[in-house]
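Chain by chain, the residues run as shown.
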Amino acid sequence: MATYHWMDFVESSQHFRGRGKNKRSWTAEEDAVLIESLQQVATEPKYKQGNTWKNGYLLRAEELMNIRLPSCGLRANPHIDSRWKTMKTKYNAIAEMLNKSGFAWDDSRKMVQCEKSIFEEWCQNHKDAKGLWGVSFPLFHEIGELVGKDRATGKNVETFEEAIANMENETDNQTNSAHEDNEEDDISITHSTTQSSSKRVKRRHRETRKEASESDESSMATSFVNVSSNLNSFMQNMNTHLGTMASVWSRAEEREQDIIEKSNNVLSELLLIDNLSSAEALQAADILTAEPNKLRVFYQAPPNLRRQYITSLLYC
């Protein structure tokens, strides 16, 4: 089965509005820089809080992309906005397939693995998956870290800060309610005392105080139960978030290790290219190891395109 990059599918099937004003062919390097820029934007509270992207985040991504690729000419609207929507659509289509039996992920080729008949049957009711058969999607995991959180935790799960705030608010409300109950009981008791000094009134007074005390104890017990329930919920949510953070750190370590291994082997790979001198191979290795984005593009490129890519780096 022939292997294609997902950009081949997207660029050949994407529809553009107007008279082609927004049409833009993206390179693998630009895709990688876009995702790295969005990863950095996601760490800035001004542009993302929890699962919510804030106004201006695409402009910030444009700024970061133009720092890394000064001559790319990409703008937040329409280029980055359109590309990001396409990436999310294709990611969600793949993620949905992987949740069903018959589909698997080939991590070496970065693509969905399944029988073609199963894929064609799936596409009859899932239009966004069309064209992904035999197509490489190398940024799947990175995009998943940016958009996959809602799938993993659900939209209504409390964040760490929300759980703390809700527990404090409920505790304050319960304390205020208990104080109001005490004031009403005291007023009732004072009024009863001033009406009569008879034994019957005194006995009623004691009974009222006893009932108030029992009510306070019951309210306090209810408060403890509510706090305990909220604490358990908070701990469960915290464990979920810690698991997500650990997964992100693990992915980052894997990417760093992958870059180190590719850097160590890149000179050997360059020397395998026909008609590339040793001096050119050394110069190209120096460029690739200094810029991880270019190193990643080199390894993703098919063998017959590697020489062309290296030549463009050395002489353009």
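## Observations concerning the overall build of the chain
Next, step 1: Secondary structure assignment for the chain yields twelve helices and six strands.
Next, step 2: Expressed as a percentage of its 316 residues, the buried residues of the chain come to 33%.
Next, step 3: Contacts in the chain between residues far apart in sequence, at least 24 positions, make up 64% of those at least 6 positions apart.
Next, step 4: For the chain, the exposed area adds up to about 19800 Å²; of that, 49% sits on carbon and sulfur atoms.

## Considering the environment of A42
Next, step 1: Along the chain, A42 falls in the loop between α2 (28-41) and β2 (48-49).
Next, step 2: Counting along the chain gives 19 residues from A42 to A61, while the straight-line C-alpha distance between them is 9.8 Å.

## Points about the environment of I67
Next, step 1: Along the chain, the position of I67 falls in helix α3 (residues 57-68).
Next, step 2: You can call I67 exposed: its relative accessible area is 59%.
Next, step 3: Taking the C-alpha atoms as reference points, I67 and S37, 30 residues apart in sequence, are found 9.9 Å from one another.

## Observations concerning the nonpolar core
Next, step 1: L38, Y57, W84, I94, M97 and I143 are the most contacted members of the largest nonpolar core, which totals 40 residues.
Next, step 2: Among the elements of the structure, α2, α3, α4 (76-98), α5 (116-123) and α6 (140-147) are those that each provide at least two residues to this core.
Next, step 3: With nine residues, the single largest contributor to this core is α4.
Next, step 4: Those residues in contact with I94 that sit more than four places away from it in its chain are W105, V112, L132, F137 and F140.
Next, step 5: Core analysis: the second largest hydrophobic core is formed by 17 residues, A281, L295, I310 and L313 among them.

## Describing the packing of aromatic side chains
Next, step 1: This structure, assessed with the given rule, holds seven aromatic pairs.
Next, step 2: When the ring of F103 is compared with that of W122, the centres are 5.4 Å apart and the planes differ by 65°; the resulting orientation is edge-to-face. On the criterion of sequence distance, the pair formed by F103 in the loop between α4 and β4 (104-106) and W122 in helix α5 is long-range, its members being 19 residues apart. For the pair shown, F103 and W122 are each scored as buried.
Next, step 3: Through a chain of ring-to-ring contacts, three or more aromatic side chains come together here, namely Y91, W105, F137 and F140.

## What about helix α11 (residues 292-300)?
Helical geometry note: an α-helix holds 3.6 residues per turn, so side chains three or four residues apart project in the same direction.
Next, step 1: Within α11, seven of the nine residues are buried, which leaves the element mostly enclosed by the surrounding structure.
Next, step 2: Residues N293, K294, L295, R296, V297, F298 and Y299 constitute the buried set of α11.

## Observations regarding unusual backbone geometry
Next, step 1: Here N77 and P78 are connected by a cis peptide whose omega angle stands at 15°.
Next, step 2: With phi around 55°, K110 is a residue other than glycine that occupies positive phi space.
Next, step 3: Relative to the helices and strands, K110 resides in the loop between β4 and β5 (111-113).
Next, step 4: A residue is classified by how much of its surface remains accessible, and K110, at 24% relative accessible area, is partly exposed.
Next, step 5: Positive phi, close to 65°, is recorded for N275, a residue that is not glycine.

## As for the pattern of salt bridges
Next, step 1: Across all of its chains, the model carries 14 salt bridges by this definition.
Next, step 2: The residue E63 makes a salt bridge to R60 at a minimum N-O spacing of 3.1 Å. Of the two residues, E63 and R60 are both situated in helix α3; the distance of three residues between them amounts to about one turn of the helix.
Next, step 3: Overall, the relative accessible area of 16% leaves R60 in the buried class.
Next, step 4: Residue E291 is joined to K294 by a salt bridge in which the shortest nitrogen-to-oxygen separation is 2.7 Å.

## Side note on a nonpolar patch on the surface
Next, step 1: Where nonpolar side chains cluster on the molecular surface, the patch consists of L242, M245, V248 and W249 and spans about 390 Å² of accessible area.
Next, step 2: With respect to the helices, strands and loops of the structure, L242 is situated in helix α9 (residues 199-271).

## Topic: the side chain of D106
Next, step 1: On the secondary structure map, D106 appears in strand β4.
Next, step 2: With residues up to four places along the chain from it excluded, the contact list for D106 reads M111 and Q113.

How each quantity is defined
Residues numbered from 1 in each chain as written. Predicted model: local features only at pLDDT ≥ 70, side-chain atom pairs only at ≥ 80, totals over all residues. Heavy atoms only, no water. Helix = DSSP H or I, 4+ residues; strand = E, 2+ residues; numbered from the N terminus. Buried < 20%, exposed > 50% of the residue type's maximum accessible area, 1.4 Å probe, protein only. Contact = heavy atoms within 4.5 Å. Areas by Shrake-Rupley, 256 points an atom, 1.4 Å probe, with all protein chains shown as cover. Core = buried A, V, L, I, M, F, W, Y, C linked by side-chain atoms within 4.5 Å. Phe/Tyr/Trp six-rings, centres within 6.5 Å; stacked < 30°, edge-to-face > 60°. Salt bridge = Lys/Arg side-chain N within 4 Å of Asp/Glu carboxyl O. Patch = residues over 30% accessible without salt bridge, like charges linked within 9 Å, V, L, I, M, F, W, Y side chains within 5 Å.

Functional significance is not addressed by these values, which are geometric in nature.
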